[in-house]
There are 2 protein chains.
Amino acid sequence: MRLAILIFAFAFSMGAALADPLPSWRDGEAKSNILSFVREAVQPGNPAYIVPAERIAVFDNDGTLWAEQPFYFQLAYAIDRVGEMAKNNPDMLAQNPVLEAAAEGDMQGVLASGHDGLLDVIAASHSGMTTGDFKQSVGEWLASARHPTSGQRYHQMVYQPMIELLVYLRDNDFKTYIVSGGGIDFIRVFSEQVYGIPPEQVIGSSIRSEFQVTETTAETVKLPELFFYDDKAGKPVAINHHIGRRPVFAGGNSDGDHQMLQYTDRGGDRPGFALLIHHTDAEREWAYDKGSTIGGLDNALTEARERGWTVVDMKNDWRTVFSFQLGAQ
Amino acid sequence: MRLAILIFAFAFSMGAALADPLPSWRDGEAKSNILSFVREAVQPGNPAYIVPAERIAVFDNDGTLWAEQPFYFQLAYAIDRVGEMAKNNPDMLAQNPVLEAAAEGDMQGVLASGHDGLLDVIAASHSGMTTGDFKQSVGEWLASARHPTSGQRYHQMVYQPMIELLVYLRDNDFKTYIVSGGGIDFIRVFSEQVYGIPPEQVIGSSIRSEFQVTETTAETVKLPELFFYDDKAGKPVAINHHIGRRPVFAGGNSDGDHQMLQYTDRGGDRPGFALLIHHTDAEREWAYDKGSTIGGLDNALTEARERGWTVVDMKNDWRTVFSFQLGAQ
Ligand SMILES: [Ca+2]
Ligand SMILES: [Ca+2]
């Protein structure tokens with residue numbers, strides 16, 4: 001019996017020693033920085049200890065939790081949706097070249113139309129229906145559409161190392177949030193299933209909505225008008241608005257996340273952890289930073305190096321990028 | 001030993017039978033409706049069962065969780081704050097009669113100035129500082145100011161039966177939220193300590209803020225401009241924006257809560273519980289409804305009676321109103 005106990009104790013300690021909460025992360029500075037921060041944050045008495053209620057972790061979505069190339073996935077939805085709608089209502093395209101381009105699936109034509117054209121496409125595809133109907137439409141699209149280069153479902157284009165990081169943080173009583181420039185209602189459709197993040201922990205850009213009530217129904221209906229653009233300096237503002245606490249951990253990948261990382265970093269006597277994903281892997285994913293129209297990264301990378309933020313070199317720091325690539329390794 | 005077990009078992013079953021989760025509620029329809037709803041909601045297999053993630057309960061604040069007479073408490077803060085600021089900066093009052101009235105503590109003069117005058121007082125007292133400094137100011141005020149008729153601290157003017165209801169719902173895995181026409185940052189100062197509701201579960205009206213960063217600091221700063229007015233049809237819109245789920249339980253006290261109660265009530269095949277607090281106790285609290293400039297209640301009460309919502313008759317349904325009155329009973 002004493003032998004059995006010994007064997008059990010040995011096996012248990014081996015298990016603990018072998019258990020790696022971030023198996024898709026290669027050993028290196030990024031991984032060890034994360035592990036050190038979390039271990040100290042949960043250790044009572046450690047000067048870097050953080051009470052559980054204050055363990056707020058925020059993450060950008062496009063390019064941080066899932067891919068964003070060759071175009072934002074939500075834009076693919078918008079274009080598919082305009083094509084779908086135009087089948088039943090061709091008049092909606094009348095004399096609007098960008099909607100015509102969208103209806104033909106001409107992504108380059110849509111992108112060439114600039115900011116105003118994109119807003120036209122978002123307005124046409126995201127409004128004029130209840131929030132519930134919109135979410136159902138997105139859910140159906142996710143179940144059928146495929147990414148143009150990988151051929152995968154869009155919600156499979158999520159970064160396996162980041163999924164592990166989200167789980168690791170939650171296992172240590174961090175509350176994980178998404179803070180995205182993408183649409184709040186769009187992300188809420190898959191955030192719980194894909195990231196384990198419930199709708200009430202999703203913050204994003206939004207269009208206005210209005211309340212409509214009848215004798216038997218009561219719904220919010222989406223309107224073709226911007227309410228809040230959750231990007232750049234809007235991100236700390238939205239974090240304060242939705243959460244009311246300063247994060248202690250923030251992850252992003254572009255200059256759109258710069259202010260959110262600053263807000264987390266400059267936490268006074270409790271500086272937070274700023275994580276920047278650098279897309280360096282042209283083979284398994286994409287390589288881009290400064291000058292990219294999607295996910296441009298310049299000033300935030302400069303500040304990350306100046307202030308010693310943790311920069312993830314995707315090519316070297318990640319053993320796996322997408323879980324669907326695991327079989328190929 | 002068998003006797004000891006028997007006594008223990010008897011005492012335990014007695015304890016269970018006697019344990020009343022809502023001791024400040026008198027037996028009656030309101031109390032029994034609440035108890036039935038919650039018991040069915042948490043009973044797997046019951047047709048009215050609700051999965052824990054969907055157990056969202058929302059509550060108005062002024063007049064629902066704490067008192068709102070003889071004026072909204074936040075307005076008392078605003079007026080005290082203008083008086084405080086004017087001591088150091090008398091120029092701020094120049095040629096603005098409503099700010100002069102506020103600085104003199106003349107509540108009637110402020111109220112007489114109407115909606116625009118009130119916004120002037122809120123703008124002057126709630127903006128031009130970081131969110132952190134604002135919260136510190138509110139905290140200091142709560143620790144020193146006293147309610148004009150009861151002489152109590154404002155945060156002691158909370159309804160003991162509603163505190164019990166919040167705890168009872170949370171004990172049954174409901175997530176409790178505040179959805180208030182009052183200021184989101186104002187309520188967040190005391191919501192955790194007083195109601196057990198953390199800042200990220202407070203929704204309210206808000207003014208705009210902007211992000212300001214230096215080499216060593218990064219703060220949101222409050223601006224003198226309305227961002228969102230969380231009242232009437234704004235409440236379901238804000239609930240959808242912040243939570244992304246339809247509540248299954250909602251409590252309010254005025255026509256400002258009417259749409260939030262409709263949104264909860266008309267939940268399709270999962271109708272929610274709508275609770276309306278009717279101020280009927282002029283002796284222990286105040287008696288008011290239709291025609292009151294503060295907390296006016298008319299259409300919501302009519303619909304509550306038509307649709308069988310649960311209406312709390314404060315005078316008859318509540319054994320205790322404020323915990324500080326307990327000694328007097
Ligand atoms: Ca991004
Ligand atoms: Ca109220």
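Reading the values: rules and limits
- Residues numbered from 1 in each chain as written.
- Chains lettered and ligands numbered in written order.
- Predicted model: local features only at pLDDT ≥ 70, side-chain atom pairs only at ≥ 80, totals over all residues.
- Heavy atoms only, no water.
- Donors = N, O, S within 2.8 Å, 3.2 Å for Na, K, Ca; no water.
- Buried < 20%, exposed > 50% of the residue type's maximum accessible area, 1.4 Å probe, protein only.
- Helix = DSSP H or I, 4+ residues; strand = E, 2+ residues; numbered from the N terminus.
- Expected span 1.5 Å × (residues − 1).
- Contact = heavy atoms within 4.5 Å.
- Salt bridge = Lys/Arg side-chain N within 4 Å of Asp/Glu carboxyl O.
- Buried area = accessible area lost by both parts, 1.4 Å probe.
- Polar contact = N/O pair within 3.5 Å; in protein donor to acceptor, adjacent residues only side chain to side chain.
- Arc of directions from axis to C-beta.
- Least-squares fit on C-alpha atoms with pLDDT ≥ 70 in both.
- 1 Å grid on protein atoms, 1.4 Å probe; cavity = no way out; pocket = protein on both sides within 12 Å on 5 of 7 lines; lining within 4 Å.
- Points joined across faces, edges and corners; volume = space filled by probe spheres on them.
- Nonpolar A, V, L, I, M, F, W, Y, C, P; charged D, E, K, R; others polar.

Where an unreviewed UniProt entry is consulted, chain A appears under the name Haloacid dehalogenase-like hydrolase, with the organism given as Roseibium hamelinense.

Novice: How do you make sense of the coordination of the calcium ion (ligand 2) when you look at a structure like this?
Specialist: For a metal bound by four donors in a tetrahedral arrangement, the ideal donor-metal-donor angle is 109.5 degrees, while six donors in an octahedral arrangement ideally sit at 90 or 180 degrees. Residue and element names in this part refer to chain B. The coordination sphere of the calcium ion (ligand 2) contains the protein donors Asp60 (OD), Asp62 (O) and Asn253 (OD1), at a distance range of 2.2 to 2.3 Å. Read in sequence order, the donor residues for the calcium ion (ligand 2) give the motif D-x1-D-x190-N. The same class applies to Asp60 and to Asp62, which are both buried.

Novice: Would you mind showing me how to read helix H3 (residues 73–88) of chain A here?
Specialist: Because the α-helix completes a turn every 3.6 residues, residues three or four places apart line up on one side. Residues and elements named next belong to chain A. Taking 1.5 Å of rise per residue, the 16 residues of H3 would be expected to cover 22 Å, and the 24 Å separating its terminal C-alpha atoms lies within 8% of that figure. When H3 is considered as a whole, its buried residues turn out to be Phe73, Gln74, Leu75, Ala76, Tyr77, Ala78, Ile79, Val82, Gly83 and Ala86. Packed against the buried residues of H3 are helix H4 (97–103), helix H5 (107–112), helix H6 (114–126), helix H7 (131–144), strand E2 (175–183) and helix H9 (184–188).

Novice: What should I look at first to understand the pattern of salt bridges in this one?
Specialist: A side chain of one charge can pair with a side chain of the opposite charge if their charged atoms are brought near each other. Under the defined criterion, the tally for this structure stands at 42 salt bridges over all chains. Asp185 of chain A is paired through a salt bridge with Arg188 of chain A; the nearest N and O atoms lie 3.9 Å apart. Taken as a pair, Asp185 of chain A and Arg188 of chain A lie in helix H9 at a separation of 3 residues, close to a single helical turn. Just as Asp185 of chain A is buried, Arg188 of chain A falls in that class too. In this structure, Glu54 of chain B and Arg270 of chain B form a salt bridge, with 3.5 Å as the shortest nitrogen-oxygen distance. Of this pair, Glu54 of chain B sits in the loop between helix H2 (29–41) and strand E1 (56–59) while Arg270 of chain B sits in the loop between helix H12 (258–265) and strand E6 (273–280), and the two are 216 residues apart along the sequence. Since its relative accessible area comes to 26%, Arg270 of chain B is described here as partly exposed. Here the salt bridges do not stand alone but share partners, grouping Glu54, Lys175, Arg245 and Arg270 of chain A together with Glu192 and Glu200 of chain B into one network.

Novice: Can you walk me through the interface of chain B and chain A in this structure?
Specialist: Interface size, as often reported, equals the accessible area lost upon joining of the parts. In this complex, chain B contributes 41 residues to the contact, which on the side of chain A involves 41 residues. A per-residue breakdown of the area chain B buries against chain A is headed by Glu200, Phe211 and His241 of chain B, which together make up 20% of the total. For the pair chain B and chain A, the interface holds 10 salt bridges. Between Lys175 of chain B and Glu200 of chain A there is a salt bridge; the shortest N-O distance is 3.0 Å. The interface formed by chain B and chain A includes 26 residue pairs in polar contact (both at pLDDT 80 or more).

Novice: I tried to follow the coordination of the calcium ion (ligand 1) on my own but got confused; where do I start?
Specialist: Residue and element names in this part refer to chain A. Coordination of the calcium ion (ligand 1) by the protein comes from Asp60 (OD), Asp62 (O) and Asn253 (OD1), over a distance range of 2.2 to 2.3 Å. Counting residues between consecutive donors of the calcium ion (ligand 1) along the chain gives the motif D-x1-D-x190-N. With Asp62 in the loop between strand E1 (56–59) and H3 and Asn253 in the loop between strand E5 (249–252) and helix H12 (258–265), this residue pair connects regions lying 191 residues apart in the sequence.

Novice: I'm lost on helix H13 (residues 299–307) of chain B in this one. Help?
Specialist: All names here are of chain B. Within the sequence span of H13, burial applies to Ala300, Leu301, Glu303 and Ala304. Each buried residue of H13 sits inside an arc of 165° when the element is viewed along its axis, so together they form one side. In H13, those exposed residues whose orientation departs by more than 90 degrees from the buried face are Arg305 and Glu306. The elements touched by buried residues of H13 are H12, E6 and strand E8 (310–313). Once H13 finishes, Gly308 follows within two positions and takes phi at roughly 75°, a positive value.

Novice: So what exactly am I meant to see when it comes to the relation of the copies chain B and chain A here?
Specialist: Superposition of the two copies of the chain requires a rotation about an axis together with a shift along that axis. Take chain B, turn it by 180°, move it 0.0 Å along the axis, and it overlays chain A with an RMSD of 0.0 Å. The relationship between the two copies is best expressed as a two-fold rotation axis. For chain B, the residue whose C-alpha comes nearest the rotation axis is His242 of chain B, separated from it by 3.3 Å. Both copies contact each other with a shared surface, as 100% of the interface residues of chain B are interface residues in chain A too.

Novice: Just to check I follow, could you spell out empty space enclosed by the protein for this structure?
Specialist: Unoccupied space between atoms shows up once a probe the size of one water molecule is rolled over them. In total, this model carries 2 cavities of 30 Å³ or more according to the counting rule given. Taken as a whole, the largest cavity spans an internal volume of roughly 110 Å³. In terms of lining, the largest cavity is formed by Lys175, Tyr177, Glu200, Gln201, Ile203 and His242 of chain A together with Lys175, Tyr177, Glu200, Gln201, Ile203 and His242 of chain B. Those elements that place two or more of their residues in the lining of the largest cavity are E2 of chain A together with strand E2 (175–183) of chain B. When grouped by side-chain class, the residues that make up the lining of the largest cavity number 4 nonpolar, 4 polar and 4 charged. What the second largest cavity holds in volume is close to 40 Å³. Residue lining of the second largest cavity: Asn61, Asp62, Trp66, Gln74, Ser180, Gly182, Gly183, Phe186, Ile187 and Phe190 of chain A, and that is the complete set. Counting only elements with at least two residues in the lining of the second largest cavity, the list comes to E2 and H9 of chain A. Of all the elements, E2 of chain A adds the most residues to the lining of the second largest cavity, at 3 residues. Counted by class, the lining of the second largest cavity contains 4 nonpolar, 5 polar and 1 charged residues.

Novice: Before we go on, may I ask you to explain the environment of Lys232 of chain A in this structure?
Specialist: Residue and element names in this part refer to chain A. If you trace the backbone, Lys232 turns up in the loop between strand E4 (218–228) and helix H11 (234–242). Sequence spacing of Lys232 and Leu261 is 29 residues, and the spatial spacing of their C-alpha atoms is 9.9 Å. Filtering out sequence-adjacent residues up to four positions away, Lys232 remains in contact with Asp255, Gly256 and Gln259.

Novice: For this particular structure, what's the right way to read unusual backbone geometry?
Specialist: With the exception of glycine, most residues fall at negative phi, and the peptide bonds are largely trans. All names here are of chain A. At the junction of Gln69 and Pro70, the peptide bond is cis and its omega measures out at 0° in the coordinates. One can find Pro70 in the loop between E1 and H3. Residue Gln95 is not a glycine yet carries a positive backbone phi of 55°. Mapped onto the fold, Gln95 is located in the loop between H3 and H4. Judged by its relative accessible area of 80%, Gln95 falls in the exposed class. Backbone geometry at Asp173 places phi at a positive 65°, although glycine is not the residue there. Tracing the sequence through the fold places Asp173 in the loop between helix H8 (160–171) and E2. A residue is classified by how much of its surface remains accessible, and Asp173, at 49% relative accessible area, is partly exposed.

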